[in-house]
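Descriptive analysis of the structure
Given next are the chains, with one letter for each unit.
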Amino acid sequence: MEFFNSALGKNITFVRPAYFKISGFIGISNMMYYYVFLFFVYVIAVLGNTIVMAVIILDHNLRTPKYVAVFNLAFVDLLGSSALVPKVLDIFLFNHHYIPYYNCLVMLFFCYTCLSMQSFNLVILCYDRLMAIIYPLHYQMKITHRLMLNLIASAWVFVTVVVLIAVGLITRLSFCRSVVVNSYFCDHGQIYRLACNDNTPSFVISILLPVLILWLPLIFILSSYLYIGYVLAKVVTVQERLKAFKTCTAHLALVAIYFLPILITFTLMVNIHPNVRIINLSLTSIFPPMLNPIIYVLQTQEIKESLHKLFKIRGKSKITVKKSSQY
């Protein structure tokens, strides 16, 4: 009963601080250069994801269910990077280490929501590749715009509810000792450990979150690719196998870039040094949004052709304008 009382706040007065202090790196000098590096990575991420979204909007040939998911991935990358990096730069480059209590919770919500949605976007894209290889002749009947939009909307609702529960449980905690968060942003795990009352509900959600947003999606993706490998093994020629598998290489690269660093961080959470955890988490938060559009542009033939076509049309329009101005 005490568990639910602490979670729901029945007959309990909570001590909420006016602010949290984000400590950042401990005992390392000249970290300003690292944050400047994050700024340049952020700029590339914003440009890359904006270009991918613009190309999908402008090219009618890319308005397929698969590219609805790609557009959502680019949107999440852009939103997540913008929710995190500018605030991190403000904290550490301009020494604004104190964040008001509710502002910190808002930052926590957006960062964790976008980080979780990246995982579910990879699941949706994996399902798309699974259907394309298993049912090549019926792919367009099985993967429709309606299905894709339903999958994306369901993922947004699920992730939003789960993260809201985690944030709501934080508001049920009292902070009567330290308000120093040993991280580079308003990190859920570091905040709930500062509480001086029972933090069991937040501890439980901290265990469930990695399972729901990391391990289960990863298990689905790995199982899907094992089945894809089983299906491709039945294909007669090696060329046909490679051709089919080549359509999955971009997605596999995104999966490796996203899951490997973050799983290492969450698996070694207790044993990992705070500075190493900050570097790992910060790179995990900003590198996938930067690399995702680059990988899709380099490894996806449709986007490369679309970019070429759009630049060609723009070049022709400039020539036409110049000729008309001469007359």
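Please refer to the structure placed before this passage.
The present account deals with the structure reproduced in this document. (Residues numbered from 1 in each chain as written. Predicted model: local features only at pLDDT ≥ 70, side-chain atom pairs only at ≥ 80, totals over all residues. Heavy atoms only, no water.)

Each helix and strand in the protein chain was counted, giving twelve helices and three strands. If you take every contact in the protein chain between residues at least 6 apart in sequence, the share linking residues at least 24 apart comes to 78%. In the structure as shown, the protein chain presents an accessible area of about 17,200 Å², 69% of it carried by carbon and sulfur atoms. (Helix = DSSP H or I, 4+ residues; strand = E, 2+ residues; numbered from the N terminus. Contact = heavy atoms within 4.5 Å. Areas by Shrake-Rupley, 256 points an atom, 1.4 Å probe, with all protein chains shown as cover.)

Attention now goes to the packing of aromatic side chains. All told, the structure shown has 18 aromatic pairs when counted by the stated rule. With a centroid separation of 4.9 Å and 90 degrees between ring planes, the pair formed by Tyr19 and Tyr98 is classed as edge-to-face. Of the two residues, Tyr19 sits in strand 1 (residues 19-22) while Tyr98 sits in strand 2 (residues 98-100), which places them 79 residues apart along the sequence. Tyr19 sits in the partly exposed class, given a relative accessible area of 37%. For the ring pair Phe109 and Phe110, a centre distance of 5.3 Å and an interplane angle of 75 degrees mean the geometry is edge-to-face. (Phe/Tyr/Trp six-rings, centres within 6.5 Å; stacked < 30°, edge-to-face > 60°. Buried < 20%, exposed > 50% of the residue type's maximum accessible area, 1.4 Å probe, protein only.)

On to the nonpolar core, then. If you look at the biggest cluster of nonpolar residues, it comprises 94 residues, and the most contacted ones within it are Phe20, Tyr35, Phe175, Ile191 and Phe259. The dominant element in this core, judged by the number of residues it contributes, is helix 4 (residues 101-134), at 21 residues. Apart from the residues within four sequence positions on either side, Phe259 is in contact with Ser119, Leu122, Leu214, Pro217, Leu218 and Ile221. Ranked by size, the runner-up nonpolar core spans five residues in total, among them Val162, Leu169, Ile205 and Leu209. (Core = buried A, V, L, I, M, F, W, Y, C linked by side-chain atoms within 4.5 Å.)

Quick look at helix 8 (residues 200-233) now. Every α-helix carries 3.6 residues per turn, so stepping three or four residues along brings you back to the same face. The end-to-end C-alpha distance of helix 8, which contains 34 residues, comes to 48 Å, matching closely the 50 Å that a straight helix rising 1.5 Å per residue would cover. Along its length, helix 8 shows its largest kink, about 35 degrees, at Val211. (Expected span 1.5 Å × (residues − 1). Bend = angle between axes of the 7 residues up to and from the residue.)

Time to look at unusual backbone geometry. Of note, the phi angle at Asn95 is positive, near 55 degrees, even though the residue is not glycine. Along the chain, Asn95 turns up in the loop between helix 3 (65-93) and strand 2.

Turning to the sheet that holds strand 2, a few remarks are in order. Within the open sheet, the three strands sit side by side as 2-1-3. Their pairing is mixed. Strands at the two margins of the open sheet, each flanked by one partner only, are strand 2 and strand 3 (180-181). Across three bridges, strand 1 lies against strand 2 in antiparallel orientation. Following the sheet pairing, Phe20 is matched in strand 2 by Ile99. (Pairing = 2+ DSSP bridges.)

Taken as a whole and assessed by the stated rule, the structure comprises two disulfides. Note on cysteine connectivity: Cys104 is disulfide-linked to Cys186, with sulfurs 1.9 Å apart. The sign of the S-S torsion, about -120 degrees, decides the handedness of the disulfide formed by Cys104 and Cys186: left-handed. One end of the pair, Cys104, is in helix 4; the other, Cys186, is in the loop between strand 3 and helix 7 (188-192), with 82 residues separating them in the sequence. Relative accessible area serves as the criterion here: at 0%, Cys186 is assigned to the buried category. Here the disulfide map of the protein chain reads 1-3, 2-4, the bonded cysteines being numbered as they appear in the sequence. With no disulfide of its own, Cys114 lies 7.4 Å from the sulfur of Cys111, the closest cysteine sulfur. (Disulfide = S-S within 2.5 Å.)

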